[in-house]
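Now for the letters of each chain:
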Amino acid sequence: MTSENHTTVKVDTSMVMSPTGSATQGSPVSPSTSKPMPELPDELVQAGWSKCWSKRENRPYWFNRFTNQSLWEMPVLGQHDVISDPLGLNAAPAEGTGDAGVGNGQRKRRLSEETAQGGPNSFKRSKLYRSCGRIYWDLDVQTNAVIRERPPANHLPPHPEMELQRAHLTTKLRQHYHELCYQREGIEPPRESFNRWLLERKVLDKGPDPLLPSECDPIISPSMFREVMNDIPIRLSRIKYKEEARKLLFKYAEAAKKMIDSRNATPDSRKVVKWNAEDTMNWLRRDHSASKEDYMERLEHLRKQCGPHVAAVAKDSVEGICTKIYHISAEYVRRIHQAHKTLLKDCNVSDPEAADVQDRLVYCYPIRLALPSPAQPRVELHFENDIACLRYKGEMVKVNRSYFTKLELLYRYSSIDDPRFEKFLSRVWCLIKRYLVMFGAGVNEGTGLQGALPVPVFEALNKQFGVTFECFASPLNSYFKQFCSAFPDTDGFFGSRGPFLNFSPASGSFEANPPFSEELMDAMVTHFEKLLEKSSEPLSFIIFVPEWRDPLTPALHRMETSAFRRHQMSVPAFEHEYRSGSQHICKKEEMYYKAVHGTVVIFLQNAAGFAKWEPTPERIQELLAAYQVYRRALGSPGPSSAPTTLSPASAGGSGDKDSIAAKTAPERSASLDTSPARQDNSSSSNTVEKTTPPSETASV
């Protein structure tokens, strides 16, 4: 895979398609790239030179893939080669001073805008392409996703001052949640439960804020309620040793008895819980020769006997926690929205006239905002080795240099209101700050929300099934330059097509790896089926979801029984990996981690999509080979060295669900299945597997 976009010119896909299918130029318009490109001499080609076309400058330039050098004029044979002659001893003297030229009078490639005086927050762009080590994206891939032209979105434009206020209030909301859980139930908040609450709420939310919910029905979140209830009276963790099982059983009995004594329980409930708890404690005092399995069996029996009574006395209190957090969030949204409107008014930003939108089919393009952006404050940039550091009012965000370069490229492709990059740094700061706030401040917290598939898998999806679009991604973790993401206001400047549940393609081939929120995945399946029923053009969705079968999730059940399911395959647990959600800042050795659960890959296609991108055995084998090649290249240790094999479902297009579930039974039986929210993959303790389940950023 090439590291960046230095190629001979490709026709940009932002071309308007008429409903009949013919292509005509329209919004969004790209410069014409049909100019003739003469061949270069063989000597220059062997030296690494190629001729490219600058869409911004509308003229050709020459780029050397070995040295990352770019020139406006054709390079001269024999000029200074930084590889064979690094000190330039044999180079001809430069004609000119400073950095205005290179050897033999060659002019370095410069953007015309850089010669103009920029604003206080202007950003002097680095060279468009540079060597950044291994690259985890391919921005050359053009889209085949077609949509109906749509008006600009009515979101308020991002501003660092407002993002700082949103970050402060969101942190306070997390603290309120932590205090309520501890004061009312005596427990720590379930790990990642606040993040999953944000995801579940935004599926329903109709409020104005892109992050915090304010207009949801019902007010009580099913996700937060069941996760808190699951940790009452104590959190159950994955057990490895006999002594740990004994301690856990004793703590559960003690906590259940204490809770039923301190709450307003019925006499029958109090009697049942106290009798079972005391019986368990007496058994623990008598029997010191029990095995780990004996303790776990006894714990499961105790949970069945006491669980319903404990849940009954805790129900009102937990509902109070959910209601309180929601109302605080709604109040914070009101404050942020009012302050944002005041800021725009002070900057003389008024509502624009309604845009004229034609009813026509176009290749998908980044979401646009109706309101113009106000003047941006100064954001400072400096580099610490390979880390780009951006600071605003003492608040610093960091991103790897290679990912900073990626954001430059995405911004160049997608932003239409800032040709001189005067607002680039402030928009990058807002983007990174938004995702940091969404993830939370805990160690590795939230990284599972932005995990991504390995690069070879994306390459196989594109080559074998024509995939050019990600349904759940972000500017930081996307592989293609066209994707849907959670935040249209900050991400649209970097290529986002907006939230996927608001995105309605007429045709195209898509990859979907949603965040592991049951409510979001269920809404995703509903949206898929509506799109497939509505369109007669080729439409294909390849979905990657966790193989949760005990109990079976509604989303997985609906996809397996869908009329549009064309194929299904399973990749076993610990035999495949994901890219980390913190890939934009983590170390190279932390980039990948093994999945602790199986992954189900399901193909949902309409008739035309099946005819065009049929999941044939040969194509499926290539996709599985991409996982195998990746594992061999990575060389990371794992509990099993056996190659990835097709499950019965993938071998025949359908299969016995029990036989599929049996593949993950050993892994799931190592812990108690304590929640429909799948806490076995997210609960944190000394005995819990450190790896968290990956998924891509929410796009809701």
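Residues numbered from 1 in each chain as written. Predicted model: local features only at pLDDT ≥ 70, side-chain atom pairs only at ≥ 80, totals over all residues. Heavy atoms only, no water.

## Focus on the overall build of the chain
Now for step 1: On a plain count of helices and strands, the chain comes out with 18 helices and 17 strands.
Now for step 2: Buried positions account for 57% of the 700 residues belonging to the chain.
Now for step 3: Long-range contacts, defined here as pairs at least 24 residues apart, represent 73% of the contacts in the chain between residues at least 6 apart.
Now for step 4: About 30,200 Å² of surface is accessible on the chain, with carbon and sulfur atoms providing 51% of the total. (Helix = DSSP H or I, 4+ residues; strand = E, 2+ residues; numbered from the N terminus. Buried < 20%, exposed > 50% of the residue type's maximum accessible area, 1.4 Å probe, protein only. Contact = heavy atoms within 4.5 Å. Areas by Shrake-Rupley, 256 points an atom, 1.4 Å probe, with all protein chains shown as cover.)

## Re the environment of Ala312
Now for step 1: Its location among the elements puts Ala312 in helix α7 (residues 292-346).
Now for step 2: Linking Ala312 and Asn264, residues 48 residues apart in sequence, is a C-alpha distance of 9.9 Å.

## Remarks on the pairing of strand β8 (residues 380-384)
Now for step 1: In the sheet, β8 pairs with strand β9 (residues 387-392) via five bridges, with the strands oriented antiparallel. Pairing of Phe383 across the sheet is with Ala388, part of β9.
Now for step 2: In this structure, the hairpin formed by β8 and β9 is closed by a connection of two residues, where Asn385 is found at a positive phi of approximately 60 degrees. (Pairing = 2+ DSSP bridges.)

## So, the sheet that holds strand β5 (residues 69-71)
Whether parallel or antiparallel, the strands of a sheet pair through hydrogen bonds between backbone atoms.
Now for step 1: The strand order across the open sheet formed by three strands is β3-β4-β5, and the pairing between neighbours is antiparallel. Only two strands of the sheet have a single partner each, and these edge strands are β3 (49-54) and β5. Across this sheet, the average inter-strand angle for adjacent strands is 30 degrees, counted without regard to direction.
Now for step 2: Strand direction decides the pairing type here: β3 and strand β4 (residues 59-64), joined by six bridges, are antiparallel. When the bridges of β4 are listed, Trp49 appears paired with Asn64. (Axes fitted to C-alpha atoms, helices over the stretch in contact; angles between N-to-C directions.)

## Digging into the side chain of Ser415
Now for step 1: As for its placement among the helices and strands, Ser415 is situated in the loop between α8 (401-414) and α9 (424-439).
Now for step 2: On the accessibility criterion, Ser415 (11% relative accessible area) is buried.
Now for step 3: Each residue touching Ser415, except ones within four places of it in the same chain, is listed here: Arg427 and Phe493.

## Considering the pairing of strand β14 (residues 565-571)
Now for step 1: Of all seven residues in β14, six are buried, a share of seventy percent or more.
Now for step 2: Summarising the sheet, β14 and strand β17 (residues 599-605) pair through six bridges and their orientation is antiparallel. Counterpart to Arg565 in the pairing with β17 is Leu604.

## What to know about the packing of helix α3 (residues 193-204) against helix α4 (residues 222-230)
Now for step 1: Packing of α3 against α4 leaves a shortest axis separation of 8 Å and a crossing angle of 155 degrees. Between α3 and α4, the interaxial angle falls into the category roughly antiparallel. Along its contact with α3, which presents Ser193, Arg196, Trp197, Glu200 and Arg201, the element α4 presents Pro222, Ser223, Met224 and Glu227.
Now for step 2: Partitioned by chemical class, the residues of the contact of α3 with α4 number three nonpolar, two polar and four charged. (Parallel < 35°, antiparallel > 145°, perpendicular 65-115°, else oblique. Nonpolar A, V, L, I, M, F, W, Y, C, P; charged D, E, K, R; others polar.)

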